[in-house]
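Listed here are the chains, written in short residue letters.
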Amino acid sequence: MIISLAQRATQAQEYYFSVKLAEVRKLISAGHDVINMGIGNPDQSPSEATIEALHRSALEAGSHGYQSYKGIPALRQGIAQWYQRIYGVTLDPETEILPLIGSKEGITHISMTFLDAGDEVMVPELGYPAYRAVSQMVGAKVLEYPLLEDQGWQPDWEFMHSLVGPQTKLLWLNYPHMPTGAPATRELFENAVRFAHQHKILLCHDNPYSLILNQKPPISLLSIEGAKEVAIELNSMSKSHNMAGWRVGWLSGAKAYIDAILTIKSNVDSGMFLGIQQAAAAALQNTDQWHQAQNEVYRSRLDAAKAFLDALNCTYDESQEGMFLWAKLPETIASAEQLVDELLYQKYIFIAPGFIFGPKGQRYIRLSLCMSAERIWQAVQRLKA
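Residues numbered from 1 in each chain as written. Predicted model: local features only at pLDDT ≥ 70, side-chain atom pairs only at ≥ 80, totals over all residues. Heavy atoms only, no water.

**A short note on the overall build of the protein**
For the protein, the count of helices and strands is 14 helices and 15 strands. Taken over the C-alpha trace, the protein has a radius of gyration of 21 Å; the compact-globule value for 385 residues is 21 Å, and the two agree within 12%. Overall, the protein is about 60 × 55 × 55 Å in size when its C-alpha atoms are taken along their principal axes. By residue count, 54% of the 385 residues in the protein fall in the buried class. (Helix = DSSP H or I, 4+ residues; strand = E, 2+ residues; numbered from the N terminus. Rg over C-alpha atoms; globule rule 2.2 N^0.38 Å. Buried < 20%, exposed > 50% of the residue type's maximum accessible area, 1.4 Å probe, protein only.)

Structure representation (structure tokens):
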């Protein structure tokens, strides 16, 4: 290269799945039948109404130009109605909702909007790697807060008080939790809102899994009294509506937060394709029966996934929600990294090691339910063979 890399590029590492999936593709190209149980890539289709709306829009000559940075009114209104129906939360579609090209984009916009170099960000010791990676890319210091395994992977609020300093600005939260599957509760969110008020920290909640295998009615952080003053919430259609490749998500919160983030977003992209926005608005009207049918498919895969974990003598919590299973390795298995490579190159099965979600995941693995039960049972048979 004729010039040197920026410091942030030298600090960032290529996403683990980007590297590992290249290995998977290489094995497949060599003729091996790899069962991919590592990636949370929904294999079911969006609703028929979603695809029909995209098709109609794509055929219209006026659909292909630039769109508003804030998204079309129909999409924002659809999100507001969906939040009211699913969570009982009232949002102003004009001022409290900002559509995004997936919630991963939102993590970056939030960080660029509110963090300067040297500011501190509280990140769970197990969580989506982007919280940590983006914080570091913008020059912030990551403060890792503990999760209590014996208390259902809840934050250790008592310890967290000791972490907060004058430069602490953001706290990332994600429930139902990925990767552990720990459910969201009102008590958890009330503690989080109280903590944010006490320390004047912006609470950033990532909420993409609340409709997948949820054992109780889904909850939004914004349903908690006082939340809008100190919190913003990301949501996504990737998992809940089988639209991962469509890249549709949004940010909800008070007008002041939305306006601030829009100043960054409007300098980064030029709006979402109209057809995708109209299709997303249609998808938000999917019936409860549609979501129940989706969950029945996931539920049918649980027995096979648990059988896979049982064959490895792993232990796991039956109360997990979301599209993954998080499990602890037995002492007879040396390490998650060794197990992942042995399964990939000897059994042609790919699973995710827990350490990619944080150091506390060293003795854990994560299975995805995003493939047919038949394929998972094939993986079980390969293990036993």
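**Some remarks on unusual backbone geometry**
Going from Y175 to P176, the amide bond is cis rather than trans, its omega being 0 degrees. Looking at the secondary structure, you find P176 in the loop between β7 (168-173) and α8 (186-199). Across the junction of M178 and P179, the peptide omega takes the value 20 degrees, indicating a cis bond. If you trace the backbone, P179 turns up in the loop between β7 and α8.

**Some words on the environment of S252**
Along the chain, the position of S252 falls in strand β10 (residues 249-253). Residue S252 is classed as buried on the basis of its relative accessible area, which comes to 0%. Sequence separation of S252 and I212 is 40 residues, and the distance between their C-alpha atoms is 20 Å. If near-sequence neighbours (up to four positions away) are discounted, S252 is found in contact with Y83, L91, E96, I97, L222, I232, E233 and I258. (Contact = heavy atoms within 4.5 Å.)

**Let's talk about the sheet that holds strand β15 (residues 364-368)**
Taken in spatial order, the 4 strands make up an open sheet running β11-β12-β15-β14, and their pairing is antiparallel. Looking at strand neighbours, the two that pair on one side only are β11 (315-316) and β14 (352-353), the edges of this open sheet. When strand β12 (residues 324-328) meets β15, the two strands line up antiparallel, connected through 5 bridges. The residue of β15 that forms the bridge with W326 is R366. Along the sheet face, helix α12 (residues 288-311) touches β11, β12 and β15 and points at about 20 degrees away from the line of β12. (Pairing = 2+ DSSP bridges. Axes fitted to C-alpha atoms, helices over the stretch in contact; angles between N-to-C directions.)

**With respect to the packing of helix α5 (residues 103-114) against helix α10 (residues 255-265)**
Across the interface, α5 lies against α10 with an axial gap of 9 Å and an inter-helix angle of 100 degrees. As far as their axial angle goes, α10 and α5 are roughly perpendicular. Here α5 contributes E105, H109, I110, M112, T113 and F114 to the contact with α10, which in turn contributes Y257, A260, I261, I264 and K265. Classifying every residue of the contact of α5 with α10 gives 7 nonpolar, 2 polar and 2 charged. (Parallel < 35°, antiparallel > 145°, perpendicular 65-115°, else oblique. Nonpolar A, V, L, I, M, F, W, Y, C, P; charged D, E, K, R; others polar.)

**Observations concerning the UniProt feature "domain: Aminotransferase class I/classII large" (unreviewed entry) in the protein**
The sites that UniProt annotates as "domain: Aminotransferase class I/classII large" (unreviewed entry) are residues 33-383. Strand forms 17% of residues 33-383 and helix 40%; the C-alpha atoms that close the span are 14 Å apart. (UniProt positions renumbered as here; feature names shortened; annotations may be inferred.)

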